[in-house]
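# Residue-level structure breakdown
What follows is each chain in one-letter form.
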Amino acid sequence: MRRRVVLLGAGAAVVLLGLALWWFIPASPTPLTSADVDAAVQRGIEQAERQERELPPDASVAFQAISPSLATVRTFGANAGLGSGVIVNADGVVLTALHVVAGAERIQVEFADGTTATGSVAGSQPESDIAVLAVDRLPEIVVPAVLAGPPSVGADVFAVGNPLGLERTLTAGVVSATDRGISSGSGPPLLGLIQFDAAVNPGNSGGPLINPAGQVVGIVTGLANPAKQDFFVGIGFAVPIATAAGGAGGPQQ
């Protein structure tokens, strides 16, 4: 009986050892099926779409960045009208289009926080239709716009201004061409301009043309007008900010 007990114990040990070895031997991986691959791809697509939905669109980011630096320019007298502008340094200097303020008896500048000030032309660059305005009162917080290098053809851009009196309007488009020249009416032609297809109308002049980061790449100066109409026809022009800021005494890029 004692010997049988010993033999039974050894047999049990062999069985247990076999079970242990079976436990630690890794199982062969299950082959992937086409359904598994399709499901993984679909999960990836859904995750990418979810992440994209959570990001704000470029236009929203751009407008939020430029919004505190915007200015509305009103003129009174024989050249009464409405234009746009943008703060370009900590002193509250405002860049705008020269034709917006030329001949005005009085200039009023309204900042994004509602502060109104009397403006005066502190410098100009007629060959580029650029004026720099000094003001007698600054907003509580001065937020200069960030200036950027020249955009490339095909780059997304946004025009921000007061078209047809609709203040703080953003329109979207792309850069259609660079280094364009257009007639300026009675004066010399404007050269080296950015051509873009974002909608611009009277009231946009002097406002910023910005990139998707909200950085200023140009100052809107006019639109193509083959039919002698004042409304948008699909082609706008802006002075590159390096020319506008440098020629008016601001920081050059």
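No experiment lies behind these values; they were computed from the predicted model shown.

Analysis parameters
- Residues numbered from 1 in each chain as written.
- Predicted model: local features only at pLDDT ≥ 70, side-chain atom pairs only at ≥ 80, totals over all residues.
- Heavy atoms only, no water.
- Helix = DSSP H or I, 4+ residues; strand = E, 2+ residues; numbered from the N terminus.
- Buried < 20%, exposed > 50% of the residue type's maximum accessible area, 1.4 Å probe, protein only.
- Contact = heavy atoms within 4.5 Å.
- Areas by Shrake-Rupley, 256 points an atom, 1.4 Å probe, with all protein chains shown as cover.
- Pairing = 2+ DSSP bridges.
- Axes fitted to C-alpha atoms, helices over the stretch in contact; angles between N-to-C directions.
- Core = buried A, V, L, I, M, F, W, Y, C linked by side-chain atoms within 4.5 Å.
- pLDDT = per-residue confidence, 0-100.
- Phe/Tyr/Trp six-rings, centres within 6.5 Å; stacked < 30°, edge-to-face > 60°.
- Lys NZ or Arg CZ within 6 Å of the ring centre and 35° of its normal.
- Polar contact = N/O pair within 3.5 Å; in protein donor to acceptor, adjacent residues only side chain to side chain.

Summing up its helical and strand segments, the protein has 5 helices and 12 strands in all. The 253 residues of the protein split such that 36% are buried. Residue pairs in contact within the protein that sit at least 24 positions apart in sequence constitute 59% of those at least 6 positions apart. Surface summary for the protein: the accessible area is close to 14000 Å², and the carbon and sulfur share equals 59%.

Adjacent strands of a sheet form backbone hydrogen bonds with each other and so pair up, either parallel or antiparallel. With antiparallel pairing, 6 strands are arranged side by side around a closed barrel as E7-E8-E9-E12-E11-E10. Between one strand and the next, the sheet's axes are offset by a mean angle of 50°, whatever the strand orientation. Summarising the sheet, strand E11 (residues 216–223) and strand E12 (residues 236–240) pair through 5 bridges and their orientation is antiparallel. Residue Leu 223 lies in a different strand from E12, and its bridge partner there is Gly 236. Sheet strands in contact with helix H3 (residues 58–66) are strand E7 (156–161), strand E8 (169–182), strand E10 (208–210) and E11, and its direction is about 45° off that of E7.

Here the focus is the nonpolar core. Counting 24 residues, the largest nonpolar core has Ile 66, Val 86, Leu 95, Val 216, Ile 219 and Ile 241 as the members making the most contacts within it. Elements represented by at least two residues in this core include exactly H3, strand E6 (130–135), E7, strand E9 (190–196), E11, E12 and helix H5 (241–247). At 3 residues, H5 tops the list of elements feeding residues into this core. Of all hydrophobic cores here, the second largest spans 14 residues; its members include Val 100, Val 101, Ala 117 and Ala 131.

Before going further, it helps to examine the confidence of the model for the protein. Averaged over the protein, the pLDDT score is 83; the fraction of residues at 70 or greater is 76%. Here residues 1–8 is a poorly scored stretch, pLDDT under 50, and it has 0 contacts once near neighbours within four places are set aside; other chains count.

So, about the packing of aromatic side chains. Counted according to the given criterion, the structure contains 0 aromatic pairs. The ring of Phe 76 carries the charged tip of Arg 106 above its face, separated from the ring centre by 4.1 Å.

With that settled, the discussion passes to the sheet that holds strand E1 (residues 70–76). With antiparallel pairing, the 6 strands of this closed barrel are ordered in space as E1-E2-E3-E6-E5-E4. Each adjacent strand pair in this sheet contributes to an overall mean axis angle of 40°, direction not counted. Across 4 bridges, the pairing between strand E3 (residues 94–97) and E6 is antiparallel. Looking across to E6, one finds that Val 94 is bridged to Leu 133.

Looking at the secondary structure, you find Asn 89 in the loop between strand E2 (81–87) and E3. Here Asp 91 takes part through its backbone nitrogen, which lies 3.0 Å from a polar atom of the side chain of Asn 89. Contacts of Asn 89, omitting those with residues within four sequence positions, involve Val 142 and Pro 144.

Bridge analysis of strand E5 (residues 116–125) against E6 gives 6 bridges, and the strand direction is antiparallel. Following the sheet pairing, Val 121 is matched in E6 by Leu 133.

For the rest of this paragraph, the subject is unusual backbone geometry. Residue Arg 168 is not a glycine yet carries a positive backbone phi of 55°. Phi at Asp 179 is positive, roughly 60°, even though this residue is not glycine. When you line up the elements, Asp 179 lands in strand E8.

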